[in-house]
Amino acid sequence: MAYAITQTCCNDASCVSVCPVNCIHPTPDEPEFGTTDMLYIDPRACIDCGACADACPVDAVYPVDRLRGPDTVFGDLNRDWFRDHPSDHAWGAPSFPRSLPGELGTLRIAVVGTGPSAGYTAQELLRSTSAEITMIDRLPVTGGLLRHGVAPDHQSTKRIVESFASVFHDPRLRMHLNVEIGTDVSHRELAAHHHAVVYAVGAAADRRLGIPGEDLPGSLPATTFVGWYNAEPTVPADAVELAAAERVVVVGNGNVAVDIARILLTDPDRLAATDIADHALAALRRSRVREVVLLARRGPEQAAWTRAEFLALRQLPGVEVVVADDPRVRASIEAAGAEPGSDAGSGAALLAGLPLVPYDGAAAPAPGRRIVLRFLSAPVELSGAGRVEALTVERTTLAADGRVEGTGARDVLRAGLVVRSIGHRAVPLPGLPFDERAGTVAHRAGRVVDPATGRPLPGTYVVGWAKRGPSGGIGANRACARETVDALLDDATARVLPVPEADRRDFERLVRRLRPDAVGLRELRAVDRAERERGESEGRPRVKLATVPELLAAGRRR
C-alpha cells in the first residue's frame, strides 16, 4: 500500500532525499518547490518502503490504508496531484555537499535568530564546514516561529524543532540568548568578532489596514493575537479581551487567519492538551465568541489559505463553516465544480458543498458556533465608543487587470474584536540597509547590499522572511538557507570575507559586559526541563513560561 503526505507537511524535503525511487514531488530542483502547498507521493511509483515516513520531521507521512476520518482526503490529493503533474520520476544530476579549502582555517560565523531559517542555516554550515557558530536571539528562549508562531493544536508541526536539537547542542556552536542586536550589541561589534554575520530575524511587523479607527482598543494585529496564545514573552497576558465579543472579524484569509479562527472556536478542553499559553486557555474558557468572520477583498479563487489547512477547518468539531451568499461567489463555486477537468483543490472548488447563507452582520450571530467566509468585501472603517464595536465594509469587484475596486455599497458588521491578518514585513535593523518597498533587508541572493550602489556589505548575509518576505512555510527556509550559505562559502573561497578584529572569547566577554543577564545553552536546557515538568503534571507536552522574568528565573534554577 502506498504512502501519502498529509496536512502537517512542512515542505523541507527531508523525505525527498531518502526516497529510493524519486516518487515524491516537487523536489527542491523543480520549479514548483517552495510555492506548492505541500509535497506529494505518487501512489503508482511508491514501493511502500516507509523511508519517507521515518525521515519526516513532523510525522506527516502515513500509509494510505491507515488514513482515517478527515485525513482520508489526502490519499486522493496525493494521487490527483500527479494527474496534473505527470512525472517519469527520473533522477536528476547528483549534487554534493560544499566544502572549503583547508588553508582558509576555521571560520567564525554569527547567526542572528534561532527560528527555522536560523536553524537550517546553522545546520548547513555545521554539515559542510568546520566553522564555529555563534547564535544570538533577543528572547531568552529559542524557536522563533516554531515556538511563537505555529498554532498550539499543530503539535506535530512543532516536532521539527527536534531536528535542530543536535544543531543547538553541537560543541562548535555557542548560544547567547536575551541579547538584541542593534540594542545591546551593535552590528559593527558583532561583525568585528566574526568572519560573517547571517541575519535570520523574520518579519515581525504586521501590515496595516490604513483605515479610520484602526488603533481603537479591540483592533489587533495577527502577530499580537498569535503571540498571545503562544506565550510570546513580549505580548502581555491581557493583550486580547474575549469576554465581551460574540463576533470576531479576521481581515484576511491566509493560514494565519485560519489558525486564529480555529483557535477561537475550538473546544478549550481540546486545547488544554496542547502547549497553549495558560492565560489564553483561561480566556478562551470564559469566551463568549460564537462566530468568526473571515473577510477577504477578493473572491474565493484568490483565497490565500493552503488546501490542507482549509480542509482541516471544515472538519472542526461542533463548528459550522458557511459562505456569505453573493451571486458572484455562488457563480464562481458553481463554475469551478462544473468545469471539466477542473482542479478539485482550487479556491472556489474547495467551497463546494458548504452552505451559502444570507448574511446580516448587523444582527446578532446565529445560534451555535460558526465560521463565515465573506468574500469581495474590504474594510473601510472601525468604530465604537472607546473600543471596537463595528466594522464598516465596502463590497468590491475585481478589475480585468486583477485590481480590487470598490462598488460603493457598504455594510456594517457588529464585532467586539477585529484582527488584521494581511501579511507581515521585516523590521529595519540598525546598521543594515532596508528595502522599504519589499519590506525586507536589502540583498542579492542572500548577500546584504547597499541599495544606493548595489555593492554587497562584506561578510553580511540574510535568510528567511527577512530575506524573501513572508512567503513559504517552515520547510521553505531550508532551500533559502542553502542559497545564502552557498553565497557565504563562495565569498569565503574567493577570500573576500573580512578578518575578525577579535576572537570568540573576546566576544563572550563583550556580551557579559553589555548584557549581564544573557543566557546560554545550560539555561535553555533548564527552561526546557521546567516547562516539560510542568506539562507532565497536567498531561500536556509542556506548559510555557510566558514572561522574560519567569524564563530567566527558570534558567537560573539549573
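Here's what I pulled together on the structure shown here.

Rules and cut-offs
- Residues numbered from 1 in each chain as written.
- Predicted model: local features only at pLDDT ≥ 70, side-chain atom pairs only at ≥ 80, totals over all residues.
- Heavy atoms only, no water.
- Axes fitted to C-alpha atoms, helices over the stretch in contact; angles between N-to-C directions.
- Helix = DSSP H or I, 4+ residues; strand = E, 2+ residues; numbered from the N terminus.
- Parallel < 35°, antiparallel > 145°, perpendicular 65-115°, else oblique.
- Contact = heavy atoms within 4.5 Å.
- Nonpolar A, V, L, I, M, F, W, Y, C, P; charged D, E, K, R; others polar.
- Core = buried A, V, L, I, M, F, W, Y, C linked by side-chain atoms within 4.5 Å.
- Buried < 20%, exposed > 50% of the residue type's maximum accessible area, 1.4 Å probe, protein only.
- Pairing = 2+ DSSP bridges.
- Salt bridge = Lys/Arg side-chain N within 4 Å of Asp/Glu carboxyl O.
- Polar contact = N/O pair within 3.5 Å; in protein donor to acceptor, adjacent residues only side chain to side chain.
- Left-handed = near helix turned anticlockwise from the far one by under 90°.

1. Structural notes on the packing of helix α18 (residues 521-538) against helix α19 (residues 548-556)
For the pair α18 and α19, the least separation of the axes is 7 Å and the interaxial angle reads 105°. Judged by the angle between their axes, α18 and α19 are roughly perpendicular. When α18 is examined against α19, the residues E523, A526, V527, A530 and E531 are found in contact with a partner set consisting of L551, A554 and G555. Split by residue class, the contact of α18 with α19 holds 5 nonpolar, 1 polar and 2 charged.

2. Structural notes on the nonpolar core
I5, I24, I133, F225, L294, W305 and L373 are the most contacted members of the largest nonpolar core, which has 125 residues in total. With residues up to four places along the chain from it excluded, the contact list for I133 reads I109, V111, A122, L125, L126, R172, L173, R174 and R504.

3. Quick notes on the sheet that holds strand β10 (residues 219-221)
Spatially, β10-β19-β11-β12-β15-β13-β14 is the arrangement adopted by the 7 strands of the open sheet, whose pairing is parallel. Both outer strands of the open sheet, β10 and β14 (356-357), are each paired with one neighbouring strand and no more. In this sheet, strand β15 (residues 369-374) lies alongside strand β13 (residues 319-324) in parallel orientation, the contact comprising 5 bridges. Residue pairing across strands places V321 opposite I371, the latter belonging to β15. This element, helix α9 (residues 222-229), spans β10 and β19 (417-420) of the sheet and lies at about 80° to β10. The strands touched by helix α10 (residues 255-265) are β11 (247-251), β12 (291-295), β13, β15 and β19; relative to β12, the strand with the most contacts, the crossing angle is about 175°.

4. Considerations on the pairing of strand β5 (residues 108-112)
Of all 5 residues making up β5, 5 are buried, and the element is well covered by its neighbours. The two faces of β5 match: R108, A110 and V112 on one face and I109 and V111 on the other face are all buried. Pairing of β5 with strand β6 (residues 132-137) involves 5 bridges; the strand directions are parallel. For I109, the partnering residue across the bridge sits in β6 and is I133. Bridging between β5 and strand β8 (residues 196-199) involves 4 bridges; their strand directions are parallel. Each bridged residue has a counterpart across the sheet, and for V112 the counterpart in β8 is Y199.

5. A look at the pairing of β8
A two-sided burial pattern is seen for β8, the buried positions comprising A196 and V198 on one face and V197 and Y199 on the other. The sheet contact formed by β8 and strand β25 (residues 456-462) spans 3 bridges and is parallel. Bridge pairing links V198 to Y461 in β25.

6. Re the pattern of salt bridges
Under the criterion given, the structure shown has 43 salt bridges. Among the salt bridges present, the one from D528 reaches R532, with a minimum N-O distance of 3.1 Å. One end of the pair, D528, and the other, R532, are both in helix α18, 4 residues apart, so they sit about a helical turn from each other. Accessibility expressed as a relative area gives 44% for R532, which makes it partly exposed. One network of salt bridges, in which partners are shared, links R147, D528, E531, R532 and R542.

7. What to know about the sheet that holds strand β16 (residues 377-383)
Read across the sheet, 3 strands follow the order β16-β17-β18 without closing on themselves; strand pairing throughout is antiparallel. Taken across any chain shown, the strands that pair with only one partner, and hence form the sheet edges, are β16 and β18 (404-414). Taking each pair of neighbouring strands and ignoring which way they run, the sheet shows an average axis angle of 25°. Here β16 runs beside strand β17 (residues 390-398); their pairing, made up of 6 bridges, is antiparallel. Counted as the bridge partner of A378 is E394 from β17.

8. Quick look at unusual backbone geometry
Cis geometry marks the peptide bond from H25 to P26; its omega dihedral reads -5°. Within the fold, P26 resides in the loop between β2 (24-25) and β3 (40-41). A positive phi angle is found at N11, which is not glycine, with a value near 65°. Assignment of secondary structure puts N11 in the loop between β1 (3-5) and α1 (14-18). Phi is positive for A13, which is not a glycine, with a value near 70°. Along the polypeptide, A13 turns up in the loop between β1 and α1. According to the relative accessible area criterion, A13 is buried, its value standing at 6%.

9. A few points about the side chain of R247
Within the secondary structure, R247 is located in strand β11. Separated by 2.8 Å, the side chain of R247 and the backbone oxygen of A363 make a polar contact.

10. Points about the packing of helix α4 (residues 116-128) against helix α16 (residues 476-493)
Their axes nearest at 8 Å, the elements α4 and α16 cross at an angle of 50°. Taken together, α4 and α16 sit at an angle that is classed as oblique. You can see that α4 and α16 cross each other, and the crossing is right-handed. Residues P116, S117, Y120, T121, E124, L125, R127 and S128 of α4 form the contact with α16, whose participating residues are N477, R478, A481, R482, V485 and L489. In terms of residue class, the contact of α4 with α16 is made up of 6 nonpolar, 4 polar and 4 charged.

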